[in-house]
Amino acid sequence: MQKSLGGLNSWREILQVLHDSEEEIRRGGGEANVEKQHQKERLTARERISALIDPETEFFELGLFAGFGMYQEWGGAPSAGVITGIARIEGRLFMVIANDATVKAGSFFPLTVKKVLRAQRISMDNRLPLIYLVDSAGVFLPLQDEVFPDEDDFGRIFRNNARLSAEGIPQFAAIMGPCVAGGAYLPVMCDRILMTEGSGLYIAGPSLVKAAIGQEVSSDELGGAQLHSALSGTIDFREEDDPACLHRLRRLASAMGSNAPACFRRITPRPPRRKPEELYHQLPLDPSAEYDVRDLLQCILDGGDLVEYKAEYGRTLVCGYGNLDGWEVGVVANQKMYVRDPGRPFEVGGVIYTESADKAARFVMDCNQNHLPILFFQDVYGFMVGRQAEISGITKSGAKLVNAVANSVVPKITFIMGGSYGAGNYALCGKGYDPRFIFAWPTCRYAVMGPDQAARTLLDLKVRQLGELDETSQAQLLEEIRGKYLQQLDPRYAAARLWIDGIIPPHRTREALALMLEVTSLNSAIPEFKTGVLQV
């Protein structure tokens, strides 16, 4: 069983365990499979990306933890067998999707499909050009029933190819190994197609052709680069090997036209008031501890400046205007300081009360009116409960906030700093509410409710099933249930299932957000903002 990040007592331990997990994933299918790839005179997916991107720039990987701890009965699938992320190539930003042939020959697991679809969605939402580095044996057959037929399965990838093309978002495909069966449609539906010698592009491979029609033919004779360059005319560029192909891709990227100007305002960037590394001192590891979220924002926003909106009202949510790397943004963040003012009701930090929900809904609408991207910072227990909360209208105020977030048309980027529980996740732009990007710190805890409440509820259900248990047995069962629940609260569990796009060390938060805001600025089209019916 993996050591839970939530069970560690220091930032040093947390970051080390996270680093070790990442390094293990980046080894892909292991040294033996890397060597097999090299024996074919092919680079690995990560080597290809390193050669493709601009020198002295960093590949910002998305979905690194996809499949983490999953598919163990099949030997695992590190990073779901496909690498996705944002790269700078000839000075332009691209989404790169690269099959990792060291992992089950680049076969598509269910999470592989989901990860590719997420990358395509990001590209579509942000008008981000795509480069596919294709090297895949096709669907992982033992799980074909979970990969093939549904609306968010394998065929959706090709549907997205068509939609991206219709939207005028450039797509380049480089076939650098096998490209088989339904997967053969992906490159052929792209704008420009490159293919290396020794690669194969066909609807059915040599073995299946022989079984189907009795024809014996080699891979090269059936669908090699020379055939598709000179005879079928399917590909646009035939390249000798991986380095030549990657060089050609860079040349094609350099010939692209310019982007439309961003519709979001950007001024000269300023460094934050506090160093990003100070976040480790500002955020307590104890999830029940209080902290002032404005101290964290001083490590992230330009100059640490936040023009706070309705600062004295609805104080368990902080809303305000600021800049990040020069970009004008709106901020919605949970405040973990308790409200203890004389003459006012006591309020628990991290809980959304009626006034907080009303304020945040109004602020989200204001950001849409003024074309401001919104940054959400979550550390939320959920909405306040109880008779007084219901009398105050918590349900309709919560619905108002959910409505405003759901209908928001400006880019939304979400960071989960700590807890992300229940409807609080929804109201502050969880994955189901179309954030352009969603990231988490290693302190993220992602579930319907907190571990203690959930463990007690699950224990009650178990006792009903098993009958009366003595105190010792109940305590043992409670600890087992709580331990399993804590494993599911680990951010790697969420990242494995692509509920988040990545786990970011706190000191890299500003850097990540700056890049994401640049990506969102590529799409200059902002639809009309409408909310429909709001409860008042």
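Located above this text is the structure these notes cover.
Residues numbered from 1 in each chain as written. Predicted model: local features only at pLDDT ≥ 70, side-chain atom pairs only at ≥ 80, totals over all residues. Heavy atoms only, no water.

Participant: Just checking my understanding: could you explain the overall build of the protein chain for this structure?
Facilitator: Within the protein chain, the secondary structure is distributed over 20 helices and 18 strands. Taking 536 residues into account, the globule formula puts the C-alpha radius of gyration at 24 Å, and the protein chain, at 25 Å, falls close to it. Its C-alpha atoms give the protein chain principal-axis dimensions of about 85 × 65 × 45 Å. For the protein chain, buried positions account for 54% of its 536 residues. (Helix = DSSP H or I, 4+ residues; strand = E, 2+ residues; numbered from the N terminus. Rg over C-alpha atoms; globule rule 2.2 N^0.38 Å. Buried < 20%, exposed > 50% of the residue type's maximum accessible area, 1.4 Å probe, protein only.)

Participant: What am I meant to see in the packing of helix H13 (residues 354–369) against helix H15 (residues 394–407) here?
Facilitator: When two helices pack together, you describe them by how their axes are tilted relative to each other and by the distance separating the axes. Running from N to C, H13 and H15 cross one another at 20°; their axes reach a closest spacing of 8 Å. Considering their axes alone, H13 and H15 lie roughly parallel with respect to each other. Regarding H13 and H15, the two cross each other, and that crossing is left-handed. Contacts from Thr354, Ala357, Asp358, Ala360, Ala361, Val364 and Met365 in H13 reach Ile394, Ser397, Gly398, Lys400, Leu401, Ala404 and Val405 in H15. Taken together, the residues of the contact of H13 with H15 break down into nine nonpolar, three polar and two charged. (Axes fitted to C-alpha atoms, helices over the stretch in contact; angles between N-to-C directions. Parallel < 35°, antiparallel > 145°, perpendicular 65-115°, else oblique. Left-handed = near helix turned anticlockwise from the far one by under 90°. Contact = heavy atoms within 4.5 Å. Nonpolar A, V, L, I, M, F, W, Y, C, P; charged D, E, K, R; others polar.)

Participant: Explain unusual backbone geometry here, please?
Facilitator: Note: most peptide bonds trans; most residues except glycine with negative phi. The backbone of Glu56 sits at a positive phi, close to 65°, despite the residue not being glycine. A positive phi angle, close to 50°, is found at Lys104, a residue other than glycine. Of note, Lys104 is situated in the loop between strand S3 (92–99) and helix H4 (110–126). Judged by relative accessible area, which is 31%, Lys104 ranks as partly exposed.

Participant: So what exactly am I meant to see when it comes to the packing of aromatic side chains here?
Facilitator: The description of an aromatic ring pair uses the distance of the two centres, along with the angle that the planes make with each other. Going through the model one piece at a time under the given rule, you end up with 20 aromatic pairs. Centroid distance Phe60 to Phe439: 5.8 Å. Interplanar angle 80°. Geometry classified as edge-to-face. Placement of Phe60 in strand S1 (residues 60–62) and of Phe439 in strand S16 (residues 437–440) is noted, with a sequence separation of 379 residues between them. Side by side, Phe60 and Phe439 carry an identical accessibility label, which is buried. Relative to Phe140, the ring of Phe109 lies with its centre 4.2 Å away and its plane at 15°, an arrangement referred to as stacked. Of this pair, Phe109 sits in the loop between S3 and H4 while Phe140 sits in the loop between strand S4 (130–136) and helix H5 (154–166), placing them 31 residues apart in sequence. Stacked on the ring of Tyr493, the Lys or Arg Arg497 has its end atom at 3.5 Å from the ring centre. (Phe/Tyr/Trp six-rings, centres within 6.5 Å; stacked < 30°, edge-to-face > 60°. Lys NZ or Arg CZ within 6 Å of the ring centre and 35° of its normal.)

Participant: I would appreciate a short explanation of H5 in the present structure.
Facilitator: Burial in H5 covers these residues: Phe154, Ile157, Phe158, Asn160, Asn161 and Leu164. Seen end-on, H5 carries its buried residues on one side only, within an arc spanning 155°. Contacts from the buried residues of H5 go to H4, S4, strand S5 (171–180) and helix H6 (185–188). Following H5 by one or two positions, Gly168 has its phi on the positive side, about 75°. (Arc of directions from axis to C-beta.)

Participant: Where do I start with a nonpolar patch on the surface in this structure?
Facilitator: A grouping of Tyr185, Met189 and Ile203 is seen on the molecular surface, where their side chains present a nonpolar patch of about 290 Å² in accessible area. Among the secondary structure elements, Ile203 is positioned in the loop between strand S7 (200–202) and helix H7 (206–213). Residue classification places Ile203 among the exposed residues on the basis of a relative accessible area of 52%. (Patch = residues over 30% accessible without salt bridge, like charges linked within 9 Å, V, L, I, M, F, W, Y side chains within 5 Å. Areas by Shrake-Rupley, 256 points an atom, 1.4 Å probe, with all protein chains shown as cover. Salt bridge = Lys/Arg side-chain N within 4 Å of Asp/Glu carboxyl O.)

Participant: Even after reading the chapter, I still don't get the side chain of Thr196, so can you show me in this structure?
Facilitator: Relative to the helices and strands, Thr196 resides in strand S6 (residues 192–196). The class for Thr196 is buried, based on a relative accessible area of 2%. If we skip the residues at most four places from it in the chain, Thr196 touches Ile175, Met176, Ala225, Glu239, Asp241, Asp242 and Cys245.

Participant: When you look at the pairing of strand S10 (residues 317–324) in this model, what are you seeing that I'm missing?
Facilitator: A regular strand places its side chains on the two faces of the sheet in alternate fashion. Most of S10 is tucked away, with seven of its eight residues classed as buried. Sheet topology note: the strand S9 (residues 307–308)/S10 ladder contains two bridges and is antiparallel. Looking across to S10, one finds that Glu308 is bridged to Gly320. Strand direction decides the pairing type here: S10 and strand S11 (residues 327–334), joined by eight bridges, are antiparallel. Residue pairing for S11: Gly320 is matched across the bridge by Val331. Taking the residues that link successive antiparallel strands as the turn, the S10-S11 hairpin has two residues, and the phi of Asp325 there is positive, at about 55°. (Pairing = 2+ DSSP bridges.)

Participant: Help me understand the packing of H4 against H5 in this model?
Facilitator: Packing of H4 against H5 leaves a shortest axis separation of 9 Å and a crossing angle of 15°. Put simply, H4 runs roughly parallel to H5. Considering how the two elements wind past one another, H4 and H5 form a crossing that is left-handed. Contacts between H4 and H5 involve Val113, Val116, Leu117, Gln120, Ser123 and Met124 on the former and, on the latter, Phe154, Arg156, Ile157, Asn160, Asn161, Arg163 and Leu164. Classifying every residue of the contact of H4 with H5 gives seven nonpolar, four polar and two charged.

Participant: What am I meant to see in the pattern of salt bridges here?
Facilitator: Between side chains of opposite charge, a pair can form when the charged atoms approach closely. Going through the model one piece at a time under the given rule, you end up with 33 salt bridges. Through salt bridges with shared partners, a single network forms among Glu22, Glu23 and Arg26.

Participant: Would you mind going over the side chain of Glu328 with me for this structure?
Facilitator: When you line up the elements, Glu328 lands in strand S11. Using a relative accessible area of 17% as the deciding quantity, one classes Glu328 as buried. Within polar-contact distance, the side chain of Glu328 engages the side chain of Arg265 at 2.4 Å. What Glu328 contacts, discounting residues up to four positions off in sequence, is Arg265, Ile267, Gly322, Asn323, Leu372 and Pro373. (Polar contact = N/O pair within 3.5 Å; in protein donor to acceptor, adjacent residues only side chain to side chain.)

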